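One-letter residues, chain by chain:
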Amino acid sequence: MLTVSKVAAGSGGLAIRHAEPREPGPGEIMLKVHAAGVCGTDMQIYHSYGAIAKRVKLPTTLGHEACGTVVQTGLGVDRVSVGDLVSLESHIPCGRCKACHTGRAHVCPNTRYPGIDIDGTFAEYVTVPAEIAWVNPKGTDPALAALLEPLGIAVHATLEGSGVSGQTVVVNGCGPIGLMNVAVARHFGAHKIIAFDPNPGRRAIAERMGADIVADPSSVSPPHLVNESTRGDGADVVFEYSGNEQGALNCFAMVGSLGDVRWCATPGQPMTFDFGAWRKGRPTIYNIHGRRIWSTWHAMAPLVYEKKIDLEPVISHRLPLSEGVKAFELIVAGAAIKPLIMCS
Ligand SMILES: [Zn+2]
Ligand SMILES: [Zn+2]
């Protein structure tokens, strides 16, 4: 079968590699993959950058945001059946640690991922533990089903802390999950949504997803704009998706007293943090990682099934597996938002 794999260290180092599908062992399932999204984590591996990339042995098939049909089940699998259309929770928690035992498996310190620790989903077939499969209703659009994993981060962030209902929220950075967060915040009743991104194309999509105000943080002062839009009160909730130091500083300058900063980005570099300013403004910082397993999925998946939110604007490209490397190159060139690799 065809795969998109990391085959060489250093930036790039991807290839279309031929590999044999792996027979499912006990507790595992084999999927025929339909669609798989390329995300920021895949890009870190592409660039051989950061702790996650160091874990990837060469060669490894990349990809973890995916949907496929179960074609084979291993011994003891009873929660999914051959023929089921499933999306994958990308975290494979250990099930044995304190986090897993106390309903916090999304922050299991022993988590493994397809596309990092085992071969991933940019392939015609992938074999994964059945425990990470979420069964979709028949007829679900595979492209949308592949987006449930990243959508889950936006839903997790939206429902955390004080939620968003009736509140003024800022989405600070409009990558794919920031854009999804705009639509999710709108759905869950945000009063006003202000979105920042330097890219005009992304700002246009943020408007389509439901933002009331969009602005370029490199040409306006985000704290000033938020201050004016809230009669000096600041935002109730700020979602941090920028991942850079200035963006992070802006978050604390935009959030009102006792507001929430929902921290969703992983900064590429260490950054200075002003604890004095944090004490003064008294926001609560929520560290958002992944999705709550499975409560976020239960809140999130029906939004897609029942067309409560439209994710179509986020999908920038659909590429066949044979052109999968191009999806990465489009992101590097700044020409893509969320490219999907259509594996079958
Ligand atoms: Zn991802
Ligand atoms: Zn665990």
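Only a predicted model underlies this, so the values are computations on that prediction, with no experimental measurement involved.

Enquirer: Would you take a moment to explain the coordination of the zinc ion (ligand 2) for this structure?
Expert: Ideal coordination angles are 109.5 degrees for a metal with four donors arranged tetrahedrally and 90 or 180 degrees for a metal with six donors arranged octahedrally. At this site the zinc ion (ligand 2) is bound by C94 (SG), C97 (SG), C100 (SG) and C108 (SG), with donor distances of 2.2 to 2.4 Å. Note that the zinc ion (ligand 2) binds 4 donor atoms; their angles at the metal cover 104 to 117°, and the shape is tetrahedral. One chain supplies every donor for the zinc ion (ligand 2), spaced along it as C-x2-C-x2-C-x7-C. Overall, the relative accessible area of 17% leaves C100 in the buried class.

Enquirer: Please clarify how the packing of helix α5 (residues 148-159) against helix α11 (residues 295-305) should be interpreted in this entry.
Expert: Relative placement of two packed helices is described by the angle separating their axes and the distance separating the axes. Here α5 crosses α11 at 115°, and the two axes come no closer than 9 Å. Relative to α11, α5 is oriented so that their crossing is right-handed. Residue-level contacts link L148, E149, L151, G152, V155, H156 and L159 of α5 to T296, W297, A299, M300, A301, L303, V304 and Y305 of α11. Across the contact of α5 with α11, the residue classes break down as 11 nonpolar, 3 polar and 1 charged.

Enquirer: Any chance you could explain unusual backbone geometry here in plain terms?
Expert: For residues other than glycine, phi is negative in most cases, and the peptide bonds are mostly trans. Put simply, L58 and P59 share a cis peptide bond, and its omega is -5°. As for its position among the elements, P59 is in the loop between α2 (50-55) and β4 (60-61). A cis amide bond links I293 to the next residue, W294, at an omega of 5°. A positive phi angle is found at K307, which is not glycine, with a value near 55°.

Enquirer: When you look at the sheet that holds strand β10 (residues 192-196) in this model, what are you seeing that I'm missing?
Expert: With parallel pairing, 6 strands are arranged side by side in an open sheet as β11-β10-β9-β12-β13-β14. With one partner strand each, in any of the chains shown, β11 (213-215) and β14 (284-287) form the two edges of the open sheet. For this sheet the average axis-to-axis angle between neighbouring strands, irrespective of direction, equals 15°. Bridge analysis of strand β9 (residues 168-172) against β10 gives 5 bridges, and the strand direction is parallel. In the strand pairing of β10, V169 is matched with I193. Those strands touched by helix α6 (residues 176-187) are β9, β10 and β12 (235-240), and its axis lies near 175° from that of β10. Across the sheet, helix α8 (residues 222-229) touches β9, β10, β11 and β12, and the angle it forms with β10 is around 170°.

Enquirer: Can you help me understand the domain arrangement of the protein in this one?
Expert: Quite often, the size of an interface is put as the accessible area lost when its parts meet. What the domain assignment lists for the protein is domain 1 (2-147 + 311-342) and domain 2 (155-287). The C-alpha-based centres of domain 1 and domain 2 are spaced at 28 Å. With 10 residues of domain 1 at the contact, the number on the domain 2 side is 11 residues. Its largest share of buried area at the contact with domain 2, domain 1 owes to P313, V314 and I337, together 53% of the area lost on that side. At the junction of domain 1 with domain 2, the criterion picks out 0 salt bridges.

The rules behind the values
Numbers given to residues run from 1 along each chain, matching the order in which its sequence is written. Going through the entries in the order they are written, you letter the chains from A and number the ligands from 1. In keeping with the predicted nature of the model, local features appear solely for residues at pLDDT of at least 70, side-chain atom pairs appear and are counted solely at 80 or more, and the whole-chain, interface and lining totals rest on all residues. Side-chain measures were taken over the full set of non-hydrogen atoms in the model, leaving aside hydrogen atoms and water. Donor atoms: N, O and S within 2.8 Å of the metal, or within 3.2 Å for Na, K and Ca. Because water is excluded, sites can look incomplete. Every geometry call rests on angle ranges, with four donors termed tetrahedral when all angles are between 85 and 135 degrees, four termed square planar and six termed octahedral when opposite donors are over 155 degrees apart and all others are between 65 and 115, and everything else termed irregular. Three exposure classes are used, based on accessible area relative to the maximum for each residue type with a 1.4 Å probe and protein chains only: buried under 20%, partly exposed in between, and exposed over 50%. Helix axes are fitted only over the stretch in contact, all axes being lines through C-alpha atoms; the angle between N-to-C directions runs from 0 to 180 degrees. The helix count covers DSSP runs of H or I at least four residues long, the strand count covers runs of E at least two residues long, and both are numbered beginning at the N terminus. Left-handed describes a crossing whose near helix is turned anticlockwise from the far helix by less than a right angle; the clockwise case is right-handed. The contact rule is simple, with two residues in contact once any of their heavy atoms fall within 4.5 Å. Polarity classes work like this: nonpolar for Ala, Val, Leu, Ile, Met, Phe, Trp, Tyr, Cys and Pro, charged for Asp, Glu, Lys and Arg, and polar for all others, with Gly in that last group. Strand pairing is defined by DSSP finding a minimum of two bridges between the two strands. Domain start and stop positions are those given by an automatic or database domain assignment. Buried area is a sum: the accessible area each of two parts loses on coming together, probed at 1.4 Å, counted once for each and added. By definition here, a salt bridge exists when the distance from a side-chain nitrogen of Lys or Arg to a carboxyl oxygen of Asp or Glu is within 4 Å.

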